[in-house]
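In case you want the letters, here they are:
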Amino acid sequence: MIKKTNTLKLTVTALLTAIAIAIPLVMPVRVVLPPASFTLASHVPIFFALFLSPKIAVLVSLGSATGFLLAGLPIVITLRALSHVVFALLGGVYLRNRRQDVLESPVKSQFFSFWIGLVHALAEVGIVSLFFFGLLKGADYDETFFYSVFMLVGVGTLIHSMVDFLLAQIIWKSLGKRMKTLVKKMAL
């Protein structure tokens, strides 16, 4: 039984990671306003993994960052993608024993979406700030900190995160009993 559980976890992790890598490579809906970039649904596999377990969420986040690197996007955008490990780990740990309660309550899920989106945005603002203030090389900014970092990256990421969370939640709910069965089989 343990072997089947591990195989299932590995398979699910690999599938979500493959999707996370593919999205930045092939998604036609992308807005790039350096240092910000908004690729529709780029966080959906991470959120889906986050609904399953912290470990899977971290691994899928690493895969997503790999996808942004392979897509040839600027280093600041790739490092922003790498910062997703932070919200994936924290969100996965929080949801571990609250998954059903949070995901089935519209109020709790929106509160969680905002909270995790804020963590997500703060991690990305931290990365971009290192470039903005010249601590890391590879990006130049003509705009002010408020516009480039706070508005584009901070507020933009919060909104993008909440939209992708909603998409992931809709997919999760549409799969209904299948997801509950998968979670039980994975013994999460």
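Cut-off values and rules
- Residues numbered from 1 in each chain as written.
- Predicted model: local features only at pLDDT ≥ 70, side-chain atom pairs only at ≥ 80, totals over all residues.
- Heavy atoms only, no water.
- 1 Å grid on protein atoms, 1.4 Å probe; cavity = no way out; pocket = protein on both sides within 12 Å on 5 of 7 lines; lining within 4 Å.
- Points joined across faces, edges and corners; volume = space filled by probe spheres on them.
- Helix = DSSP H or I, 4+ residues; strand = E, 2+ residues; numbered from the N terminus.
- Nonpolar A, V, L, I, M, F, W, Y, C, P; charged D, E, K, R; others polar.
- Pairing = 2+ DSSP bridges.
- Axes fitted to C-alpha atoms, helices over the stretch in contact; angles between N-to-C directions.
- Parallel < 35°, antiparallel > 145°, perpendicular 65-115°, else oblique.
- Left-handed = near helix turned anticlockwise from the far one by under 90°.
- Contact = heavy atoms within 4.5 Å.
- Phe/Tyr/Trp six-rings, centres within 6.5 Å; stacked < 30°, edge-to-face > 60°.
- Buried < 20%, exposed > 50% of the residue type's maximum accessible area, 1.4 Å probe, protein only.
- Lys NZ or Arg CZ within 6 Å of the ring centre and 35° of its normal.
- Core = buried A, V, L, I, M, F, W, Y, C linked by side-chain atoms within 4.5 Å.

### Regarding empty space enclosed by the protein
- All told, the structure shown has one cavity of 30 Å³ or more when counted by the stated rule.
- Contributing to the lining of the largest cavity are Ser37, Thr39, Ser42, His43, Phe68, Ile77, Arg80, Ala81, His84, Glu124 and His160.
- When residues of the lining of the largest cavity are traced back to their parent elements, those giving at least two are strand 2 (36-39) and helix 4 (75-82).
- In terms of residue count, helix 4 provides more of the lining of the largest cavity than any other element does, three residues in total.
- Here the lining of the largest cavity is composed, by residue class, of three nonpolar, six polar and two charged.

### What about the pairing of strand 1 (residues 30-33)?
- Pairing of strand 1 with strand 2, which is carried by four bridges, proceeds in the antiparallel orientation. Among the inter-strand pairings, Val32 is bridged to a residue of strand 2, identified as Ser37.
- In this antiparallel pair of consecutive strands, strand 1 and strand 2, the connection spans two residues.

### Remarks on the packing of helix 3 (residues 54-70) against helix 5 (residues 84-95)
- Viewed as axis vectors pointing N to C, helix 3 and helix 5 meet at an angle of 165 degrees, and their least axial separation amounts to 8 Å. As judged from the angle between their axes, helix 3 and helix 5 are roughly antiparallel. When you trace helix 3 past helix 5, the crossing you get is right-handed. Contacts from Pro54, Ala57, Val58, Ser61, Leu62 and Ser64 of helix 3 reach helix 5 at His84, Val85, Ala88, Leu89, Gly92 and Val93.
- Per-class residue counts for the contact of helix 3 with helix 5 are eight nonpolar, four polar and no charged.

### Some details on the packing of aromatic side chains
- Across all of its chains, the model carries 14 aromatic pairs by this definition.
- With a centroid separation of 5.4 Å and 45 degrees between ring planes, the pair formed by Phe47 and Phe87 is classed as tilted. Residue Phe47 is located in helix 2 (residues 44-52), and its partner Phe87 is located in helix 5; the two are separated by 40 residues in the primary sequence.
- Given a relative accessible area of 0%, Phe87 falls into the buried group.
- Measuring from centroid to centroid gives 5.4 Å for Phe47 and Phe165, while their planes differ by 90 degrees, and the two rings are edge-to-face. Of this pair, Phe47 sits in helix 2 while Phe165 is found in helix 8 (residues 145-175), placing the two residues 118 residues apart along the sequence. Side by side, Phe47 and Phe165 carry an identical accessibility label, which is buried.
- An aromatic cluster is built from Phe47, Phe48, Phe51, Phe87, Tyr94, Phe112, Trp115, Phe165 and Trp172, whose rings are joined through pairwise contacts.
- The positively charged end of Arg98 is found above the aromatic ring belonging to Tyr94, 4.1 Å away from the centroid.

### A look at the nonpolar core
- By size, the foremost hydrophobic cluster in this structure holds 30 residues, and its most contacted members are Leu16, Phe47, Leu50, Phe51, Leu52 and Trp172.
- Listing elements by their share of this core, those giving two or more residues are helix 1 (2-26), helix 2, helix 3, helix 5, helix 6 (99-104), helix 7 (106-132), helix 8 and helix 9 (177-186).
- The element contributing the most residues to this core is helix 2, with eight residues.
- Sequence-distant contacts of Trp172, defined by excluding residues within four places in its chain, comprise Phe48, Phe51, Leu52, Arg99, Leu103, Met179 and Val183.
- In this structure, Phe38, Ile77, Val149 and Leu152 belong to the second largest nonpolar core, which totals 16 residues.

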